[in-house]
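# Structural characterization, general
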Amino acid sequence: MKNLIISAVVILAALGLASCHQKTEDDKARPMLEGIEASVQAGDFRSALDSIVILRDRFPKAIETRKRALELWQEASLLQAQHEVAVTDSALQATIAQIDQAPTLLEQNMLRNKRDSLQARYDAECGVVRIIREKQKHP
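The structure presented is a predicted model; accordingly, all values stated were derived computationally and were not measured. Just so you know, the residues in each chain are numbered from 1, in the order the chain's sequence is written. A pLDDT threshold of at least 70 governs which residues receive local features in this predicted model, and a stricter bar of 80 or more applies before side-chain atom pairs are shown or counted, although totals over entire chains, interfaces and linings include all residues. Side-chain numbers here rest on the full set of heavy atoms in the structure, without hydrogens or water.

Along the chain, the regular secondary structure elements total 5 helices and 0 strands. For the purposes of this entry, the term helix denotes a DSSP run of H or I that reaches at least four residues, the term strand denotes a run of E that reaches at least two, and both are numbered from the N terminus. Each helix and strand of the chain, placed in order from N terminus to C terminus, yields the pattern α-α-α-α-α. Summary of the burial criterion: residues with accessible area below 20% of their type's maximum are buried, those above 50% are exposed, and those between are partly exposed, where the area comes from a 1.4 Å probe applied to protein chains only. Buried residues in the chain amount to 27% of all 139 residues. Only heavy atoms enter the contact rule, under which two residues are in contact if any of them lie within 4.5 Å. Residue pairs in contact within the chain that sit at least 24 positions apart in sequence constitute 63% of those at least 6 positions apart. Just so you have it, the chain exposes about 9,800 Å², and 58% of that area is on carbon and sulfur atoms. For the accessible areas, the method is Shrake-Rupley and the probe is 1.4 Å, while residue cover comes only from the protein chains on display.

What follows is the structure, encoded as structure tokens:
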């Protein structure tokens, strides 16, 4: 009986030590989160956003990591949208400058259509930036 109790205590102690060394979900997700942070810093926003989706699927119980991933999602989305605003604005300004220089009415009308399309895209991207900033203010 004494040997049985000692054996049980030894087994429980071994199980306790083994459970102490198990990695948590946050520990398992941390390397992926570090890669996401590096992607954001490098300006690779699409990769960062795609990786966040994968992280959320693979580690649904990594609460702290997912909280940080949400912050990175907002940051990457904002930076990507701001980049799109800048690119679209440049294309819009170049198109506006070309309208008056177009030699034919057809080319002018085609450029006006392009201008209108770029203006709609520009307005939409500015709206995305505003929404993300609002969400960042009120999490």
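Below, the discussion takes up the environment of serine 77. Tracing the backbone shows serine 77 in helix α4 (residues 63-99). Note on serine 77: relative accessible area 15%, which makes it buried. Taking the C-alpha atoms as reference points, serine 77 and isoleucine 132, 55 residues apart in sequence, are found 7.7 Å from one another. If sequence neighbours within four positions are ignored, serine 77 has contacts with Leu49 and Ile132. N or O atoms within 3.5 Å of each other form a polar contact, as long as, within protein, one can give a hydrogen and the other can take it, and as long as residues adjacent in sequence are counted only when both atoms are side-chain atoms. Of the polar contacts made by the side chain of serine 77, one reaches the backbone oxygen of tryptophan 73; its length is 2.8 Å.

Moving on: the pattern of salt bridges. Just to be clear on terms, a salt bridge is a Lys or Arg side-chain nitrogen sitting within 4 Å of an Asp or Glu carboxyl oxygen. Taken as a whole and assessed by the stated rule, the structure comprises 9 salt bridges. In this structure, aspartate 27 and arginine 30 form a salt bridge, with 2.9 Å as the shortest nitrogen-oxygen distance. One end of the pair, aspartate 27, and the other, arginine 30, are both in helix α2 (residues 25-42), 3 residues apart, so they sit about a helical turn from each other. Note on aspartate 27: relative accessible area 30%, which makes it partly exposed. Close ionic contact of arginine 68 with glutamate 71 constitutes a salt bridge, the shortest N to O distance being 3.1 Å. You can see arginine 68 and its partner glutamate 71 sitting in helix α4, 3 residues apart, about one turn around the helix.

Moving on, we get to the nonpolar core. One recurring pattern in soluble globular proteins: nonpolar side chains tend to sit buried together. Buried Ala, Val, Leu, Ile, Met, Phe, Trp, Tyr and Cys residues that are joined via side-chain atoms within 4.5 Å together make up what is termed a nonpolar core. Ile36, Leu55, Phe59 and Leu72 are the most contacted members of the largest nonpolar core, which totals 15 residues. Sorting the residues of this core by element identifies α2, α3 (45-58) and α4 as the ones contributing at least two each. Excluding anything up to four places from it in sequence, phenylalanine 59 contacts Glu25, Lys28, Ala29, Met32 and Arg66.

Before going further, it helps to examine the environment of glutamine 108. Inspection of the secondary structure puts glutamine 108 in helix α5 (residues 105-137). Each residue touching glutamine 108, except ones within four places of it in the same chain, is listed here: Ile99, Asp100 and Ala102.

For the rest of this paragraph, the subject is the packing of α2 against α4. It is at 10 Å that the axes of α2 and α4 come closest, and there the two elements cross at 15°. As summarised for this structure, α2 and α4 are arranged roughly parallel, according to the angle between their axes. Considering how the two elements wind past one another, α2 and α4 form a crossing that is left-handed. Residue-level contacts link Asp26, Ala29, Leu33, Ile36, Glu37, Val40 and Gln41 of α2 to Ile63, Glu64, Thr65, Arg68, Ala69, Leu72, Glu75, Ala76 and Leu79 of α4. When the residues that make up the contact of α2 with α4 are grouped by side-chain class, the tally is 9 nonpolar, 2 polar and 5 charged. Only C-alpha atoms enter the line fits that serve as axes; for helices the fit covers just the stretch in contact. Angles between N-to-C directions range over 0 to 180 degrees. Relative orientations are named as follows: roughly parallel for angles under 35 degrees, roughly antiparallel for angles over 145 degrees, roughly perpendicular for angles from 65 to 115 degrees, and oblique for any other angle. If you view the pair so one helix is near and one far, a crossing is left-handed when the near helix is turned anticlockwise from the far one by less than a right angle, and right-handed when it is turned clockwise. Gly is put with the polar residues, along with every residue not named as nonpolar or charged; the nonpolar set is Ala, Val, Leu, Ile, Met, Phe, Trp, Tyr, Cys and Pro, and the charged set is Asp, Glu, Lys and Arg.

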